[in-house]
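Chain residues, written in single-letter form:
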Amino acid sequence: MEDYAKVYLVVSGVISWTSAFLLARKIFPKQSFDFCNRIVSMIHALFAVFLSSKSVQDWSCPVCPLASTSSPLQMKALGVTLAYLIYDLICCLFDKNIKIDNSVHHLVSIVGIGAGLAYEKCGSEMVAALWITEISSPFLHLRELLKELGYKDTDLNLAADVSFAVIFTLARMCVGPYLCYVTLSAPNPILIKAMALGLQLVSAFWFYKIAKMVKYKLIKRSTSKTR
């Protein structure tokens, strides 16, 4: 892919995600800034899983071939996600509650995916990482949307919490370490290896926070039922 095509893909993507957010604000004028942003985030998560699944070259070995030249479909999937991450990072700066861990995750991802687009290598590993990181995201955003819609502390919200925790754990803490290992073992650029390790460390930190959240929710629910 030519350099101008990469730039066009990312710039047009940022404009598209921003337009989707503005449209969401118009459709849901009474909802919060975060609510509309999460709608866009959920759309991206579904789109990212679809594109990454479509770009897998061999489902018998989804991360094969390792350290290979990225295919056009893989470049497109990465470009769309890079554009979203840039949009979301800027969008988060306008939010009242800036989360440091989320900003660090965005920066690590932007640098890593940007490097992948620049090198045009490691497409299989990066698309697999995209699938792993986004497969649980729809439930992450759904649980927050339900809270704002008035379903906090309901069975529906608890189901979204548990679904998110289970899928996150399976993807990030079971499959994730294997993907990190093969990425570090393959002859990939050092920046790609650093991204793989960084994302796994961030995932481990989030796993700790999610485990505490689920434990609190389950204890709270069992206590309320006994009363």
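Being a predicted model, the structure only gives us computed values, none of them experimental. (Residues numbered from 1 in each chain as written. Predicted model: local features only at pLDDT ≥ 70, side-chain atom pairs only at ≥ 80, totals over all residues. Heavy atoms only, no water.)

> With reference to specific residues and values, describe the overall build of the protein.
For the protein, the helix and strand inventory stands at eight helices and zero strands. Along the protein, from the amino end to the carboxyl end, the secondary structure elements read α-α-α-α-α-α-α-α. Scaling as 2.2 N^0.38, a compact globule of 227 residues should have a C-alpha radius of gyration of about 17 Å, and the protein matches this with 18 Å. Counting only C-alpha atoms, the protein reaches 60 × 40 × 30 Å along its principal axes. When burial is assessed residue by residue, the protein has 46% of its 227 residues classed as buried. Entry remark: accessible area of the protein is about 12,000 Å², with carbon and sulfur atoms responsible for 70%. Each charge class in the protein can be summarised by its mean position, and for the 23 positive and 15 negative side chains these summaries are 8 Å apart. (Helix = DSSP H or I, 4+ residues; strand = E, 2+ residues; numbered from the N terminus. Rg over C-alpha atoms; globule rule 2.2 N^0.38 Å. Buried < 20%, exposed > 50% of the residue type's maximum accessible area, 1.4 Å probe, protein only. Areas by Shrake-Rupley, 256 points an atom, 1.4 Å probe, with all protein chains shown as cover. Lys, Arg positive; Asp, Glu negative; His and termini not counted. Charge placed at Lys NZ, Arg CZ, Asp CG, Glu CD.)

> Summarise the UniProt feature "transmembrane region" (unreviewed entry) in the protein; cite the residues concerned and give the values.
In this structure's numbering, the residues bearing the UniProt feature "transmembrane region" (unreviewed entry) are residues 6-23, 73-94, 162-184 and 190-211. A distance of 32 Å separates the end C-alpha atoms of residues 73-94, which is 95% helix and 0% strand. (UniProt positions renumbered as here; feature names shortened; annotations may be inferred.)

> Lay out the side chain of Ser41 in plain terms, naming residues and giving numbers.
The residue Ser41 is located in helix α2 (residues 33-54) in this model. Judged by its relative accessible area of 2%, Ser41 is buried. If we skip the residues at most four places from it in the chain, Ser41 touches Tyr84, Asp88 and His141. (Contact = heavy atoms within 4.5 Å.)

> Mind laying out the environment of Val14, listing which residues take part and the relevant values?
Structurally, Val14 is set in helix α1 (residues 3-27). On the accessibility criterion, Val14 (18% relative accessible area) is buried. Between the alpha carbons of Val14 and Leu85 there is a distance of 8.5 Å; along the sequence they are 71 residues apart. In this view, Val14 contacts Ala83 and Ile86; residues no more than four positions away in its chain are not counted.

> Describe the state of the cysteines, naming the residues involved and giving the relevant values.
Tallied over the full model, the rule gives one disulfide. Disulfide partner of Cys61: Cys64, at an S-S distance of 1.9 Å. Disulfide Cys61-Cys64: torsion about the S-S bond near 50°, hence right-handed. Cys91 supplies the cysteine sulfur nearest to Cys92, a cysteine that is in no disulfide, at a spacing of 6.4 Å. Distance from the sulfur of Cys174, which forms no disulfide, to the nearest cysteine sulfur (Cys180) is 14 Å. (Disulfide = S-S within 2.5 Å.)

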